[in-house]
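Analysis of the macromolecular model
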Amino acid sequence: SQKIEQNSEALNIQEGKTATLTCNYTNYSPAYLQWYRQDPGRGPVFLLLIRENEKEKRKERLKVTFDTTLKQSLFHITASQPADSATYLCALHPGYSSASKIIFGSGTRLSIRP
Amino acid sequence: ETGVTQTPRHLVMGMTNKKSLKCEQHLGHNAMYWYKQSAKKPLELMFVYNFKEQTENNSVPSRFSPECPNSSHLFLHLHTLQPEDSALYLCASSQERPGSSGNTIYFGEGSWLTVV
């Protein structure tokens, strides 16, 4: 069966460092991958999308990579700030079909300490 | 503000009660969804509506009953729930374009449901 794993349930790092979150998948060939941010008690908010033919995508301090050989995506936040503390979800999509086919990971809770 | 509004934000109900969750999207999207989010578990897709027609029902118990009167409004009617149904219920919408990829899902803030 299809499986998505986000490397750890929680990640705690020092402010100013680069946070790296991992999303691994098996038995799946996604056409694209998305990352969402979710704050406590709130709904997820879309951050970035990367397609299978793209190696890297950037948006301000965020960077996403997508390695279809390793079946892995890495999500980086550079110069991390306490305001970046949240749960980050990766989501995979087979492409060219309804968004209802998107599969979400369980998320990684990131804490940035001052 | 994501453009998807859910009410109520918090709901406590007994196992014999009947209540409803409401969702409205202001984005002009043609698809709406209900998701369930329990602690430490991935988002679970419950129902999908496309142009107000239900297209997916992922084996959800009949004690959850969705209603989509138009493409902007979605309800989830709840009756005789169990304590294990306590969770965050998220409404979402997207613009579905046949043959296109990269559809983004826009979520509401969620309704916290506690069944006692």
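Residues numbered from 1 in each chain as written. Chains lettered and ligands numbered in written order. Predicted model: local features only at pLDDT ≥ 70, side-chain atom pairs only at ≥ 80, totals over all residues. Heavy atoms only, no water.

With respect to the state of the cysteines
Across all of its chains, the model carries two disulfides over all chains by this definition. Through a disulfide, A:C23 is tied to A:C90; the S-S separation comes to 2.0 Å. Between A:C23 and A:C90 the sulfur-sulfur dihedral comes to about 55 degrees; the bridge is accordingly right-handed. A residue pair is termed long-range when its members are at least 10 positions apart, and A:C23 in strand β3 (residues 19-26) and A:C90 in strand β9 (residues 86-93) qualify at 67 residues. A relative accessible area of 0% means that A:C23 is categorised as buried. Residue A:C90 is classed as buried on the basis of its relative accessible area, which comes to 0%. Bridging B:C23 to B:C91, the disulfide has an S-S length of 1.9 Å. Taking the sign of the S-S torsion, -75 degrees for the link of B:C23 and B:C91, the bridge is left-handed. In this pair, B:C23 sits in strand β3 (residues 18-25) while B:C91 sits in strand β9 (residues 87-94), placing the two residues 68 residues apart along the sequence. B:C91 provides the cysteine sulfur closest to B:C68, a residue in no disulfide bond, and the two sulfurs are 9.0 Å apart. (Disulfide = S-S within 2.5 Å. Helix = DSSP H or I, 4+ residues; strand = E, 2+ residues; numbered from the N terminus. Buried < 20%, exposed > 50% of the residue type's maximum accessible area, 1.4 Å probe, protein only.)

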